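# Chains, contacts and geometry: an overview
Residue strings, one per chain:
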Amino acid sequence: MISGAPASGKGTQCELIKKKYDLVHIAAGDLLRTEIASGSDNGKRAKEHMDIGQLVPDEIVVMMVKERLMQPDSQDKGWLLDGYPRSLSQATKLQGYGFHPDLFILLEVPEEILVERVVGRRLDPVTGKIYHLKYSPPETEEIAARLTQRFDDTEEKVKLRLHTHHQNVASVLAMFEDTIIKVDGSVSKEAVFAQIDSALTKLLEQRAEKIGSAIA
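About the cut-offs
Residues numbered from 1 in each chain as written. Predicted model: local features only at pLDDT ≥ 70, side-chain atom pairs only at ≥ 80, totals over all residues. Heavy atoms only, no water. Helix = DSSP H or I, 4+ residues; strand = E, 2+ residues; numbered from the N terminus. Lys, Arg positive; Asp, Glu negative; His and termini not counted. Charge placed at Lys NZ, Arg CZ, Asp CG, Glu CD. Buried < 20%, exposed > 50% of the residue type's maximum accessible area, 1.4 Å probe, protein only. Arc of directions from axis to C-beta. Contact = heavy atoms within 4.5 Å. Expected span 1.5 Å × (residues − 1). Core = buried A, V, L, I, M, F, W, Y, C linked by side-chain atoms within 4.5 Å. 1 Å grid on protein atoms, 1.4 Å probe; cavity = no way out; pocket = protein on both sides within 12 Å on 5 of 7 lines; lining within 4 Å. Points joined across faces, edges and corners; volume = space filled by probe spheres on them. Nonpolar A, V, L, I, M, F, W, Y, C, P; charged D, E, K, R; others polar. Pairing = 2+ DSSP bridges.

Helices and strands together make up the secondary structure of the protein, namely ten helices and seven strands. With the principal axes as the frame, the protein shows a C-alpha extent of 65 × 40 × 30 Å. In the protein, 28 positive and 33 negative side-chain charges are present, and the distance between their average locations comes to 1 Å.

A few words on helix 2 (residues 28-38). Note that an α-helix has 3.6 residues per turn; residues three or four places apart therefore point the same way. Those residues of helix 2 that sit buried are Ala28, Leu31 and Leu32. Buried residues of helix 2 fall within an arc of 100° about the axis and therefore sit on the same side. Projecting away from the buried face of helix 2 at angles above 90 degrees are the exposed residues Arg33, Thr34 and Ala37. Its buried side turned inward, helix 2 meets strand 2 (24-27), helix 3 (41-51), helix 4 (58-69) and strand 3 (79-82). Note on helix 2: the residue one or two positions beyond its end, glycine 39, has a positive phi of about 70°.

On to helix 1 (residues 10-21), then. For helix 1, with twelve residues, the first-to-last C-alpha span of 16 Å sits near the 16 Å given by 1.5 Å per residue. Among the residues making up helix 1, those that are buried are Lys10, Gln13, Cys14, Ile17 and Tyr21. Angularly, the buried residues of helix 1 cover 105° about the axis, an arc narrow enough to put them on a single face. Next to the buried residues of helix 1 lie strand 1 (2-3), strand 2, strand 3, strand 4 (104-108) and helix 10 (189-215). Looking at the residues trailing helix 1, positive phi occurs at aspartate 22, about 55°.

This paragraph deals with the nonpolar core. Residues Val65, Leu69, Leu81, Tyr84 and Leu94 are the most contacted members of the largest nonpolar core, which totals 26 residues. Elements with a minimum of two residues in this core: strand 2, helix 2, helix 4, strand 3, helix 6 (88-96), strand 4 and helix 9 (155-173). The leading source of residues in this core is helix 4, at six residues. Beyond its immediate chain neighbours, meaning those up to four positions away, leucine 94 contacts Met1, Val65, Leu69, Leu81, Tyr84, Pro85 and Phe99. By size, the runner-up hydrophobic cluster in this structure holds 15 residues, among which are Cys14, Ile17, Leu23 and Val192.

A few words now on the layout of surface pockets. One number sums up the size of the second largest pocket: a volume of about 410 Å³. Lining the second largest pocket are 17 residues; nearest its centre among them are Leu23, Trp79, Asp102, Leu200 and Leu203. Listed by contribution, the elements that provide at least two residues to the lining of the second largest pocket are helix 1, strand 3 and helix 10. No other element matches helix 10, which puts four residues into the lining of the second largest pocket. For the lining of the second largest pocket, the residue count by class is twelve nonpolar, two polar and three charged.

A large share of strand 4 lies buried, amounting to four of its five residues. Summarising the sheet, strand 1 and strand 4 pair through two bridges and their orientation is parallel. When the bridges of strand 4 are listed, serine 3 appears paired with leucine 106. Inspection of the sheet shows strand 4 paired to strand 7 (residues 180-184) by five bridges, in the parallel sense. What sits directly across from isoleucine 105, in strand 7, is isoleucine 181.

Have a look at this one:
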């Protein structure tokens, strides 16, 4: 499992983990969007809550996640659960179904850096490319002139999102104390991945030793 606040770089790290370790990447948000796009009952119910800024009811999301975790590819390759569970009740229900992570990765980034990352984000509506005014500015004045900002990428809105995130994560962490690794997410993406890669390598080595001992 991996958890991180908005703009913590979680999406980038998920891609890097998936690429190296070939895990099945499962993001509750993607599962939700699929349900909403399909117009299913679960999707319609989920959209009603999302439209007014509420968390989607646990029973909807937990069942979707459970079904995805039980698919053959997840069982064979292993899974990377992205940004889920987000509440104590979700974590409890997932545990009740027998799903427990070998590792819970917590990306830690100071709030002022997260706010700066979000507030500086811009979208090119023509190409769909994401820019950042400070970290990855547009290549030309022409592109700069047409960039747009997401309506909720303001300091006030992001601080509200961060507050909600921190509240939810605090309740989840207690359930996974034995498997948590805290990763400094304020450094470069390569340096962040090096920390995660080291923990995963160590985990695999320990598992190989246990299997070797059992066979011996």
